[in-house]
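Below, each chain spelled out in residue letters.
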Amino acid sequence: MASPEALPVPDQRGRTIVVTGANSGIGFETARRLAGAGAHVVLACRDRERAEDAASRITGSTEVRLLDTSSLASVRAFAEAAPERIDVLVNNAGVMAADETRTVDGFELQFATNFLGAFALTGLLLPKLADRVVMLSSLAHYGGRIVLDDLNRDRRRYSRWAAYADSKLADLLFALDLQARFSAAGSPLRAMAAHPGMAGTNLTRDLHVPAPVSVVSEAILKGVGQSAAGGALPVLLAATAPDLPGGSYVGPGGVAEVQGPPMVVGTSRRARNRELQRLLVRESERLTGVTIEVPAAR
(Lines give C-alpha, C1' and ligand atoms only; values in the text may rest on other atoms or scores of the structure.)
Protein backbone atom coordinates (compact mmCIF):
# COMPACT_ATOMS: atom_id res chain seq x y z
CA MET A 1 0.00 0.00 0.00
CA ALA A 2 1.16 3.55 -0.75
CA SER A 3 2.04 5.82 2.15
CA PRO A 4 -1.08 7.32 3.76
CA GLU A 5 0.38 10.75 3.03
CA ALA A 6 0.35 9.96 -0.70
CA LEU A 7 -3.44 9.78 -0.76
CA PRO A 8 -4.70 13.36 -1.20
CA VAL A 9 -7.40 15.13 0.79
CA PRO A 10 -9.55 17.56 -1.27
CA ASP A 11 -9.15 21.28 -0.64
CA GLN A 12 -10.99 22.10 2.60
CA ARG A 13 -10.39 25.86 2.72
CA GLY A 14 -13.33 27.77 4.17
CA ARG A 15 -14.75 24.73 5.95
CA THR A 16 -15.13 24.13 9.68
CA ILE A 17 -14.84 20.54 10.83
CA VAL A 18 -15.36 19.13 14.33
CA VAL A 19 -13.40 15.99 15.18
CA THR A 20 -14.18 14.39 18.53
CA GLY A 21 -11.42 12.54 20.36
CA ALA A 22 -8.83 14.32 18.20
CA ASN A 23 -5.91 14.33 20.63
CA SER A 24 -4.51 10.93 19.59
CA GLY A 25 -4.75 8.01 17.20
CA ILE A 26 -7.16 8.12 14.28
CA GLY A 27 -8.81 11.30 15.55
CA PHE A 28 -5.46 13.12 15.63
CA GLU A 29 -4.47 11.90 12.18
CA THR A 30 -7.87 12.90 10.81
CA ALA A 31 -7.60 16.38 12.31
CA ARG A 32 -4.02 16.77 11.11
CA ARG A 33 -4.83 15.91 7.49
CA LEU A 34 -7.98 18.07 7.45
CA ALA A 35 -6.15 21.11 8.83
CA GLY A 36 -3.35 20.47 6.35
CA ALA A 37 -5.93 20.63 3.55
CA GLY A 38 -7.09 24.05 4.73
CA ALA A 39 -10.01 23.32 7.07
CA HIS A 40 -10.49 25.02 10.41
CA VAL A 41 -10.54 22.02 12.74
CA VAL A 42 -12.14 21.97 16.17
CA LEU A 43 -10.40 19.38 18.35
CA ALA A 44 -13.22 18.30 20.67
CA CYS A 45 -11.55 16.41 23.52
CA ARG A 46 -12.10 15.61 27.19
CA ASP A 47 -8.52 16.50 28.26
CA ARG A 48 -7.55 20.09 27.42
CA GLU A 49 -3.83 19.64 28.06
CA ARG A 50 -3.55 16.64 25.74
CA ALA A 51 -5.69 18.35 23.13
CA GLU A 52 -3.59 21.51 23.18
CA ASP A 53 -0.45 19.41 22.82
CA ALA A 54 -2.03 17.70 19.81
CA ALA A 55 -3.02 21.05 18.30
CA SER A 56 0.56 22.28 18.68
CA ARG A 57 1.68 19.42 16.45
CA ILE A 58 -0.79 20.23 13.68
CA THR A 59 0.00 22.67 10.89
CA GLY A 60 -3.03 24.76 10.02
CA SER A 61 -6.03 26.36 11.70
CA THR A 62 -7.21 24.62 14.86
CA GLU A 63 -8.92 25.28 18.14
CA VAL A 64 -9.50 23.17 21.24
CA ARG A 65 -12.88 22.75 22.92
CA LEU A 66 -13.73 20.49 25.83
CA LEU A 67 -16.03 17.54 25.16
CA ASP A 68 -16.52 14.30 27.06
CA THR A 69 -18.96 12.14 25.10
CA SER A 70 -19.59 9.96 28.15
CA SER A 71 -21.34 12.91 29.81
CA LEU A 72 -24.60 14.32 28.44
CA ALA A 73 -23.97 17.58 30.33
CA SER A 74 -20.63 17.94 28.56
CA VAL A 75 -22.24 17.17 25.20
CA ARG A 76 -24.91 19.83 25.75
CA ALA A 77 -22.36 22.42 26.89
CA PHE A 78 -20.22 21.79 23.82
CA ALA A 79 -23.20 22.01 21.46
CA GLU A 80 -24.40 25.29 22.97
CA ALA A 81 -21.00 26.93 22.44
CA ALA A 82 -20.16 25.31 19.10
CA PRO A 83 -19.50 27.37 15.96
CA GLU A 84 -22.66 28.56 14.23
CA ARG A 85 -21.75 26.69 11.04
CA ILE A 86 -20.17 23.25 11.04
CA ASP A 87 -19.52 21.71 7.65
CA VAL A 88 -18.57 18.25 8.91
CA LEU A 89 -18.96 16.49 12.26
CA VAL A 90 -16.67 13.50 12.72
CA ASN A 91 -17.83 11.40 15.67
CA ASN A 92 -14.55 9.63 16.39
CA ALA A 93 -14.25 9.65 20.20
CA GLY A 94 -14.45 6.23 21.77
CA VAL A 95 -13.19 3.60 24.18
CA MET A 96 -12.63 -0.08 23.51
CA ALA A 97 -12.98 -3.19 25.65
CA ALA A 98 -13.19 -1.21 28.87
CA ASP A 99 -13.88 -2.70 32.28
CA GLU A 100 -17.52 -2.54 33.32
CA THR A 101 -18.14 1.05 34.35
CA ARG A 102 -21.12 3.37 34.68
CA THR A 103 -20.99 6.98 33.56
CA VAL A 104 -22.17 10.00 35.53
CA ASP A 105 -25.52 9.54 33.77
CA GLY A 106 -25.72 5.88 34.80
CA PHE A 107 -25.02 4.43 31.35
CA GLU A 108 -22.64 1.59 30.47
CA LEU A 109 -19.38 3.35 29.59
CA GLN A 110 -18.72 2.00 26.10
CA PHE A 111 -22.28 2.42 24.85
CA ALA A 112 -22.39 5.93 26.31
CA THR A 113 -19.01 7.10 25.01
CA ASN A 114 -19.06 5.42 21.62
CA PHE A 115 -22.70 5.85 20.73
CA LEU A 116 -25.09 7.74 23.04
CA GLY A 117 -22.80 10.76 23.34
CA ALA A 118 -22.26 10.88 19.58
CA PHE A 119 -25.99 10.43 19.02
CA ALA A 120 -26.87 13.32 21.33
CA LEU A 121 -24.11 15.55 19.92
CA THR A 122 -25.30 14.95 16.38
CA GLY A 123 -28.90 15.70 17.26
CA LEU A 124 -27.96 18.93 19.00
CA LEU A 125 -25.66 20.09 16.18
CA LEU A 126 -27.97 19.24 13.26
CA PRO A 127 -29.27 22.85 13.00
CA LYS A 128 -25.65 24.00 12.52
CA LEU A 129 -24.56 21.25 10.14
CA ALA A 130 -23.92 22.27 6.53
CA ASP A 131 -22.63 19.13 4.82
CA ARG A 132 -22.31 15.79 6.60
CA VAL A 133 -21.81 13.74 9.73
CA VAL A 134 -19.45 10.76 9.94
CA MET A 135 -19.94 7.99 12.50
CA LEU A 136 -17.00 5.76 13.42
CA SER A 137 -17.94 2.10 13.35
CA SER A 138 -15.76 -1.01 13.33
CA LEU A 139 -15.37 -4.47 11.87
CA ALA A 140 -16.58 -5.52 15.31
CA HIS A 141 -20.09 -4.38 14.36
CA TYR A 142 -20.59 -7.79 12.73
CA GLY A 143 -20.67 -9.30 16.22
CA GLY A 144 -22.96 -6.66 17.71
CA ARG A 145 -26.50 -7.18 18.99
CA ILE A 146 -29.02 -4.51 19.86
CA VAL A 147 -31.25 -5.49 22.77
CA LEU A 148 -33.70 -2.62 22.73
CA ASP A 149 -35.07 -3.18 26.23
CA ASP A 150 -31.58 -3.52 27.74
CA LEU A 151 -29.27 -1.18 25.82
CA ASN A 152 -27.64 -0.23 29.10
CA ARG A 153 -26.78 -3.84 30.01
CA ASP A 154 -28.63 -3.66 33.30
CA ARG A 155 -29.66 -7.33 33.06
CA ARG A 156 -27.20 -8.95 30.68
CA ARG A 157 -23.88 -10.28 31.89
CA TYR A 158 -21.14 -7.80 31.02
CA SER A 159 -18.64 -8.67 28.30
CA ARG A 160 -16.19 -5.93 27.35
CA TRP A 161 -15.90 -7.10 23.74
CA ALA A 162 -19.60 -7.68 23.28
CA ALA A 163 -20.35 -4.23 24.69
CA TYR A 164 -17.84 -2.70 22.27
CA ALA A 165 -19.35 -4.55 19.30
CA ASP A 166 -22.85 -3.45 20.30
CA SER A 167 -21.78 0.19 20.44
CA LYS A 168 -20.20 0.02 16.99
CA LEU A 169 -23.27 -1.63 15.49
CA ALA A 170 -25.35 1.17 17.03
CA ASP A 171 -23.10 3.78 15.39
CA LEU A 172 -23.67 2.21 11.98
CA LEU A 173 -27.41 1.77 12.49
CA PHE A 174 -27.70 5.43 13.45
CA ALA A 175 -25.74 6.64 10.42
CA LEU A 176 -27.99 4.69 8.08
CA ASP A 177 -31.16 5.83 9.83
CA LEU A 178 -29.99 9.43 9.72
CA GLN A 179 -29.35 9.22 5.99
CA ALA A 180 -32.83 7.79 5.47
CA ARG A 181 -34.24 10.76 7.36
CA PHE A 182 -32.22 13.22 5.29
CA SER A 183 -33.40 11.61 2.07
CA ALA A 184 -37.04 11.56 3.16
CA ALA A 185 -36.88 15.25 4.05
CA GLY A 186 -35.16 16.24 0.81
CA SER A 187 -32.22 17.52 2.84
CA PRO A 188 -28.81 18.04 1.20
CA LEU A 189 -27.14 16.81 4.39
CA ARG A 190 -25.41 13.45 4.29
CA ALA A 191 -24.67 10.82 6.93
CA MET A 192 -21.69 8.51 6.45
CA ALA A 193 -19.94 5.82 8.45
CA ALA A 194 -16.38 4.58 8.35
CA HIS A 195 -14.17 1.99 9.98
CA PRO A 196 -10.37 2.00 10.23
CA GLY A 197 -9.72 -1.71 9.76
CA MET A 198 -7.05 -2.95 12.14
CA ALA A 199 -5.05 0.08 13.19
CA GLY A 200 -2.48 0.55 15.94
CA THR A 201 -3.84 3.30 18.21
CA ASN A 202 -4.16 4.06 21.91
CA LEU A 203 -7.34 1.98 21.93
CA THR A 204 -5.42 -1.15 20.99
CA ARG A 205 -2.45 -0.34 23.21
CA ASP A 206 -4.40 0.35 26.40
CA LEU A 207 -6.43 -2.83 26.78
CA HIS A 208 -4.85 -3.82 30.14
CA VAL A 209 -4.29 -7.39 28.97
CA PRO A 210 -1.52 -9.70 30.26
CA ALA A 211 1.92 -8.95 28.85
CA PRO A 212 2.12 -12.11 26.67
CA VAL A 213 -1.23 -11.29 25.08
CA SER A 214 -0.13 -7.70 24.50
CA VAL A 215 3.04 -8.87 22.76
CA VAL A 216 1.07 -11.17 20.46
CA SER A 217 -1.47 -8.43 19.72
CA GLU A 218 1.25 -5.97 18.79
CA ALA A 219 2.87 -8.55 16.51
CA ILE A 220 -0.43 -9.18 14.73
CA LEU A 221 -1.01 -5.46 14.26
CA LYS A 222 2.45 -4.98 12.79
CA GLY A 223 2.00 -7.96 10.50
CA VAL A 224 -1.48 -7.43 9.10
CA GLY A 225 -2.68 -4.08 10.42
CA GLN A 226 -1.79 -0.50 9.63
CA SER A 227 -0.80 2.74 11.31
CA ALA A 228 -3.19 5.27 12.78
CA ALA A 229 -2.50 7.42 9.71
CA GLY A 230 -3.62 4.53 7.51
CA GLY A 231 -6.66 3.90 9.68
CA ALA A 232 -7.69 7.55 9.27
CA LEU A 233 -7.95 7.27 5.48
CA PRO A 234 -11.49 5.80 5.41
CA VAL A 235 -12.60 8.54 7.80
CA LEU A 236 -11.05 11.20 5.59
CA LEU A 237 -12.73 9.81 2.48
CA ALA A 238 -16.10 9.69 4.25
CA ALA A 239 -15.61 13.25 5.52
CA THR A 240 -14.38 14.93 2.35
CA ALA A 241 -15.19 13.05 -0.88
CA PRO A 242 -17.45 15.53 -2.70
CA ASP A 243 -19.51 12.98 -4.65
CA LEU A 244 -19.78 10.22 -2.04
CA PRO A 245 -23.46 9.25 -1.66
CA GLY A 246 -25.07 9.62 1.74
CA GLY A 247 -25.31 6.33 3.59
CA SER A 248 -21.90 5.15 2.38
CA TYR A 249 -19.80 2.97 4.67
CA VAL A 250 -16.08 3.36 4.03
CA GLY A 251 -13.29 1.03 5.11
CA PRO A 252 -9.92 -0.29 3.99
CA GLY A 253 -10.01 -2.02 0.61
CA GLY A 254 -7.52 -4.79 1.34
CA VAL A 255 -8.09 -8.41 2.30
CA ALA A 256 -10.72 -8.73 5.05
CA GLU A 257 -10.80 -4.92 5.27
CA VAL A 258 -7.99 -4.82 7.82
CA GLN A 259 -5.79 -2.47 5.80
CA GLY A 260 -5.49 -0.93 2.36
CA PRO A 261 -6.71 2.13 0.45
CA PRO A 262 -10.16 3.42 1.45
CA MET A 263 -13.26 2.36 -0.46
CA VAL A 264 -16.98 1.87 0.06
CA VAL A 265 -17.52 -1.50 1.79
CA GLY A 266 -20.45 -3.63 2.85
CA THR A 267 -22.21 -3.91 6.20
CA SER A 268 -23.81 -6.68 8.19
CA ARG A 269 -27.42 -7.54 7.42
CA ARG A 270 -28.35 -6.49 10.93
CA ALA A 271 -27.01 -2.97 10.30
CA ARG A 272 -29.34 -2.62 7.31
CA ASN A 273 -32.46 -3.58 9.28
CA ARG A 274 -34.62 -0.48 8.81
CA GLU A 275 -36.98 -1.27 11.67
CA LEU A 276 -34.08 -1.84 14.04
CA GLN A 277 -32.62 1.50 12.97
CA ARG A 278 -35.86 3.30 13.76
CA LEU A 279 -36.37 1.59 17.10
CA LEU A 280 -32.77 2.24 18.20
CA VAL A 281 -33.14 5.94 17.45
CA ARG A 282 -36.45 6.09 19.32
CA GLU A 283 -34.96 4.45 22.42
CA SER A 284 -31.82 6.60 22.21
CA GLU A 285 -33.96 9.72 22.10
CA ARG A 286 -35.66 8.55 25.28
CA LEU A 287 -32.38 7.80 27.04
CA THR A 288 -30.62 11.03 26.08
CA GLY A 289 -33.53 13.46 25.92
CA VAL A 290 -32.31 14.57 22.47
CA THR A 291 -34.71 14.34 19.54
CA ILE A 292 -33.37 13.83 16.01
CA GLU A 293 -35.04 16.53 13.95
CA VAL A 294 -33.87 17.15 10.38
CA PRO A 295 -33.71 20.91 9.81
CA ALA A 296 -35.45 22.51 6.85
CA ALA A 297 -33.27 22.69 3.74
CA ARG A 298 -31.27 25.92 3.58
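Further up the page is the structure itself.
Worth saying up front: this structure is predicted, and the values here are computed from it rather than measured.

A few points about the environment of V104
As for its placement among the helices and strands, V104 is situated in the loop between β4 (86-91) and α4 (109-125). A relative accessible area of 72% means that V104 is categorised as exposed. Spatially, the C-alpha atom of V104 lies 8.6 Å from that of L72, the residues being 32 residues apart in sequence. Ignoring anything within four residues of it in the chain, the contact list for V104 reads S70 and S71.

Here's the deal with the sheet that holds strand β1 (residues 16-20)
What holds strands together in a sheet is hydrogen bonding between their backbones, with the strands either parallel or antiparallel. Pairing is mixed in the open sheet, where 8 strands are placed in the order β3-β2-β1-β4-β5-β6-β7-β8. One side of each edge strand has no neighbouring strand; the edge strands of this open sheet are β3 (61-66) and β8 (262-264). Each adjacent strand pair in this sheet contributes to an overall mean axis angle of 20°, direction not counted. Here β4 pairs with strand β5 (residues 129-136) via 5 bridges, running parallel. Counted as the bridge partner of V88 is R132 from β5. Strands in contact with helix α3 (residues 72-81) are β1, β2 (40-45) and β3; relative to β3, the strand with the most contacts, it is inclined by about 140°.

Definitions and cut-offs
Residues numbered from 1 in each chain as written. Predicted model: local features only at pLDDT ≥ 70, side-chain atom pairs only at ≥ 80, totals over all residues. Heavy atoms only, no water. Helix = DSSP H or I, 4+ residues; strand = E, 2+ residues; numbered from the N terminus. Buried < 20%, exposed > 50% of the residue type's maximum accessible area, 1.4 Å probe, protein only. Contact = heavy atoms within 4.5 Å. Pairing = 2+ DSSP bridges. Axes fitted to C-alpha atoms, helices over the stretch in contact; angles between N-to-C directions.

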